[in-house]
Structures are given as structure tokens and as C-alpha cells.
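Here is how the chains run, residue by residue.
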Amino acid sequence: MLEVTNLSAGYGDIIAIRDFSFSVKAGEILTFIGANGAGKSTTLMAIMGLVKQNSGSIVLSGDDITNLPVEARIRQGIAIVPEGRRIFPDLTVRENLVVGGHSVSKQILEQGIETVFGYFGRLGERADQLAGSLSGGEQQMLAMGRALISRPKLLLVDELSLGLMPKIVDECYLVLGELNNNGMAIILVEQNTERALDVANSACVLEAGNPGFSGSVAEISNDDSLLNSLLGH
Amino acid sequence: MLYVELTIQGIVQGSIYALIALGLTLVYGLLRILHVAHAALFTLGGYIGVIVTNQTGSLTLAIVAAAIIVGLVGMAVYKLAYEPLLSQPPYIALIASIALFIASEELYRIIFGPYGLSYTVQPMSGHIELFDGFRLKYVEILVISMSVVILSVLGYLSLHSRMGIAWRATVTDPSMAQAFGVNIQNVRYLNFFIGSALAAIAGVLVALLNNFVEPTMGSVASYKALAIIVLGGLGSIRGTLLAAMLLGVIESFGTIYLGHLIDRDALAFAFLILVLMVRPQGLLGAK
């Protein structure tokens, strides 16, 4: 599905991630593990085309998308649930979803909105409410819903559980699991490492912009010292 | 009777202010630039209105031509003057804007002559008599009805069209809007086109009201429009419209009742200072 080779990216002169290679297949969840500033979010932004890429290549389903603008990447099937949710607070819930479907036809947009309301009933109840008036959990649901409208093949999820009640987090992960079961590839950045390793198939460890261990979650589980260092025990 | 007349005068003037100031608010909301040169586009609209009307005899054609030509000029102003400065602090763009405004006034002087132009046959010069000798000029009816129609259509589109929703999302968070495929460059062009076209229409209408255009007709408009967008709350569209109408009506009454104390054009600023003392964020601005 997605093959990233020797990716380097950053902001201006600052390189946030160096020579990072990884891949994720359809129906798989890959997680990036590392401290704040390790380059996890930057990598997601670079896949989306929102951060300048210095070198390396990004191939999605056999197509080289390295030099494609954001709009084209969305059409190729990538969508993002950004760090801090970044919903549009002055727009209603429905309008947020309309922006999420900016690049798709009206018909797909309408179907997408129905699907999202199916996943998250609360959003349907609050369809005409301003997104800024939603609770943190509902905003996270909206951020997920907004990314789903364009029917992505690959979903980039940045800090799903940060600052949310466990019950809401469970609900979000339930939807994520269902999408994954239907074949969606997911790259997950999550401060809750335990939770991330629980759902992911494979993991990449990042340290201050440099790639470290990379492999399946099973390998990590079998290596007690690695597991303990990742979980901070 | 006098009150009704003054109120209508105020609404006419307020409609003009609204058309001019809206473009300024749109640019500020999207780029955080105080687009002083906007008033130069208002003047250009007035000139195109008079010239096209005098050449063709059609006011409708004149309004359409002014809106389209000035809309395109507005897009060019963004591309040539502001886009290269977007990475700089906002006051750099402000300085460029002031320079552009002054240069335009001189340019109009050179191209159209220093003495101004009038309609050879002034269109819509009649009036209707409503009651008790109360007269309403055709031009005044045109100003109010055009403003209502144009602003309602734009308001509807911004609330209900996908492009309108995308535009509002871009104003709130440009990079996130981009993450969902909104082409923010196109949003900026559209923004400048619409804002500039509105200023041009205001220019044609002012030329009709005064039967006169001159190179410096934008100078009062430039600082008054700035006062209006600050008064309304920077970036707030509803605030801008409200402030424009209020100012129009206050000026209209103020000229009669306070005219011996304070100049008409100074009223805007006296009112601005009073409001900002109570509400520093403006009438409808966010804190």
C-alpha cells in the first residue's frame, strides 16, 4: 500500500526527520513510537504533503506521489486526523464534514456524512451545532469523521487519545478497528504506547529525528528489554 | 419626517460603506493585511463606471465592466504586491499597500486628468415622491437595493455553497483547509476578486450619487473603511456590515445635529474612539 524510502523532511532549515524508511500494507496498522519532537507528526505531515520533503520517495499503491500536491494525494486516498484535532470551530459539525469532502463529488460527500453519523451518533445529533461548542471527545470524533469523508485507503492518525476520557478513547478505537478490518491501512501516532502496541501490527521507533527499531509488534512483545524500554518500565 | 429622511440618507451612505469595507474585512480575515490600496480600486471602479456609461449609454454594462475589470486588478494586486510579502511581518505589506494607494492616485491623475469626470447624461437622475413631498432619488433606491441583493447573495453562498464553506474554513485554519484539498491560492484570488468587485460597484454608485469622480475620491473612503472594520471587530463580517450601517446613520444625523461642533468625516473617528473605550475588540469582534 504505502512504501516510504529514505524520507527526510522538516520546517525551513530544521530537519525534523532523517532517512526514515517504512511501509504499511492494506488492512495493517503501523505505529510510530518516540518522545515529543522525535519527528512522528512531521512524518505524517510529509506523507500528506503538508511539510516540505527534502529527500526520499513516497509510493502509494504503486504510484510515486513524492511530488504530488496535497489535493492529488487526497484523491489517491490519503487522509489525516491531525494532532490537536484542528477542527474548524466556527463551522458547524456538518460544515466541517463538507470541508473534509472538499475533493469528492456531492454524492460521495452526502454518503460520507451519513456513514460518519452512523459511526458517531453524537455527531449526527449535533450536526448543526458549531464544532467549537463540542466536548473534546466529540471534537476528536469529528476530526476522525472529517478524514473519512473522502474514503481514504490510508488514514494518518496523530494522537488519538490525548486529553480524552477513556470511554471516548475506547469508542474512537472501536471505529478505527472496524475501518482497519474493512481493509484500511492506518498509521498511528499515539502517546499511549501500550494502547498503540495493543492495536498495531508493526511499529517504528524514532529518536530525535533518527529511525531506530522497526519491526512487527510480535517481535517487540518477545523482546522484554525492548518492550520495557518502550513502555518506560 | 426629518428623521425618516436622515435615516434613509444614512442607510444609503451605510450601504456604500458596507460594499467598500467588506472587501477590506475579507482581506484582513484571510491574510491579516490592512489593504489600504483597496480604496484605489474603489476609485478605479468609479472611473470605469463613468467612462463606460458615457461611451455606451448603458449603466448596467458600466457596473458589470467595473466589477469584472477591478476584480481582476484586485487579483493582480494580490499576486504582485502581497503574495511576495506574505512571509514578512504584516506591516511590510501595509507599507506596500500605502505606497500602492498613493501611486494609484497619481496614476489616475496622469491617465484620467486632474479635474475629474462627470456623466455626460447622468443616469437615474429622477426621483419619486412618496408622501408629504418626501422624495426618494432613483439613485438612492438603486444603492440600497443593489447592496441588499449583492450582500444577501454573497451571504447565502458563504453559508450554503461548498466553496463558501471551504472559504470560511480557510479563514479559520488555512493549513488544515489545505489538508482536505482546499486550494488556498484559489481562495485568495476569489477573495480579492469579490472584495475588489464590490469596491468597484461602490465606486460606480458614488459616482452616480455625486455625478463626479476624481483621482483622490478614495482617500476619505480609505481611512473611513479602516475605521469601520476596526469598529466592527477586525475580521468580523457581520461586525463590518453593522458598523457600516451605524456609521452611515450616525453621520447623517450628526451632520445636522453636531455639524457646528465636529466635521462629518471626523464623526467616524469620534464614534470609533467611544466604542473602543467600551469594547476594545470592536462591536462584534472576538476577544
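Since the model is a prediction, treat every value here as computed from it, not as a measurement. (Residues numbered from 1 in each chain as written. Chains lettered and ligands numbered in written order. Predicted model: local features only at pLDDT ≥ 70, side-chain atom pairs only at ≥ 80, totals over all residues. Heavy atoms only, no water.)

## A few points about the pairing of strand E8 (residues 185-189) of chain A
All names here are of chain A. Burial analysis of E8 places five of its five residues in the buried class, the great majority of the element. The side-chain alternation of E8 yields two buried faces, one formed by Ala185, Ile187 and Val189 and the other by Ile186 and Leu188. Where strand E3 (residues 29-33) lies against E8, four bridges are found, and the strand directions are parallel. Paired with Leu30 across the bridge in E8 is Ile187. Bridging between strand E7 (residues 154-158) and E8 involves five bridges; their strand directions are parallel. Bridged to Val157 within E8 is Leu188. Viewed along the sheet, the connection from E7 through helix H7 (residues 166-181) into E8 turns out right-handed. (Buried < 20%, exposed > 50% of the residue type's maximum accessible area, 1.4 Å probe, protein only. Helix = DSSP H or I, 4+ residues; strand = E, 2+ residues; numbered from the N terminus. Pairing = 2+ DSSP bridges. Right-handed = clockwise from strand over helix to strand, strands pointing away.)

## Topic: the interface of chain A and chain B
Many descriptions give the size of an interface as the accessible area lost when the pieces come together. In this assembly, 25 residues from chain A lie in contact with 17 residues from chain B. Considering only the side of chain A, the residues that lose the most area to chain B are Arg86, Phe88 and His102 of chain A, jointly responsible for 30% of the buried surface there. On the surface where chain A and chain B come into contact, there are two salt bridges. We note a salt bridge from Asp173 of chain B to Arg86 of chain A, for which the minimum N-O separation is 2.8 Å. The tally of links between chain A and chain B comes to five residue pairs in polar contact (both at pLDDT 80 or more). Elements represented by at least two residues in the side of chain A that touches chain B include exactly helix H2 (70-76), helix H3 (93-100), helix H4 (106-119) and helix H6 (136-148) of chain A. Element by element, the count of residues in the side of chain A that touches chain B is highest for H3 of chain A, at four residues. Residues that form the side of chain A that touches chain B fall into these classes: 14 nonpolar, five polar and six charged. (Contact = heavy atoms within 4.5 Å. Buried area = accessible area lost by both parts, 1.4 Å probe. Salt bridge = Lys/Arg side-chain N within 4 Å of Asp/Glu carboxyl O. Polar contact = N/O pair within 3.5 Å; in protein donor to acceptor, adjacent residues only side chain to side chain. Nonpolar A, V, L, I, M, F, W, Y, C, P; charged D, E, K, R; others polar.)

## A closer look at the environment of Gly118 of chain A
Residues and elements named next belong to chain A. Here Gly118 lies in helix H4. A residue is classified by how much of its surface remains accessible, and Gly118, at 61% relative accessible area, is exposed. Each C-alpha atom of the pair Gly118 and Met1 lies 27 Å from the other, and the pair is 117 residues apart in sequence.

## Structural notes on the domain arrangement of chain A
Residues and elements named next belong to chain A. The domains assigned to chain A are domain 1 (1-77 + 152-233) and domain 2 (85-151). Put simply, the middle of domain 1 and the middle of domain 2, counted by C-alpha atoms, are 23 Å apart. Between domain 1 and domain 2, the contact holds 19 residues from the first and 14 residues from the second. A buried area of about 1,400 Å², summed over both sides, lies between domain 1 and domain 2, and 68% of it is on carbon and sulfur atoms. (Domains from an automatic or database assignment.)

## Quick look at unusual backbone geometry
Both trends apply: most residues other than glycine have a negative phi, and most peptide bonds are in trans. Even without a glycine there, the phi angle at Asp19 of chain A is positive, about 45°. Positive phi values are uncommon outside glycine, yet Asn211 of chain B reaches one of about 50°. Examined against the element boundaries, Asn211 of chain B turns out to sit in the loop between helix H8 (184-210) and helix H9 (217-232). On the accessibility criterion, Asn211 of chain B (21% relative accessible area) is partly exposed.

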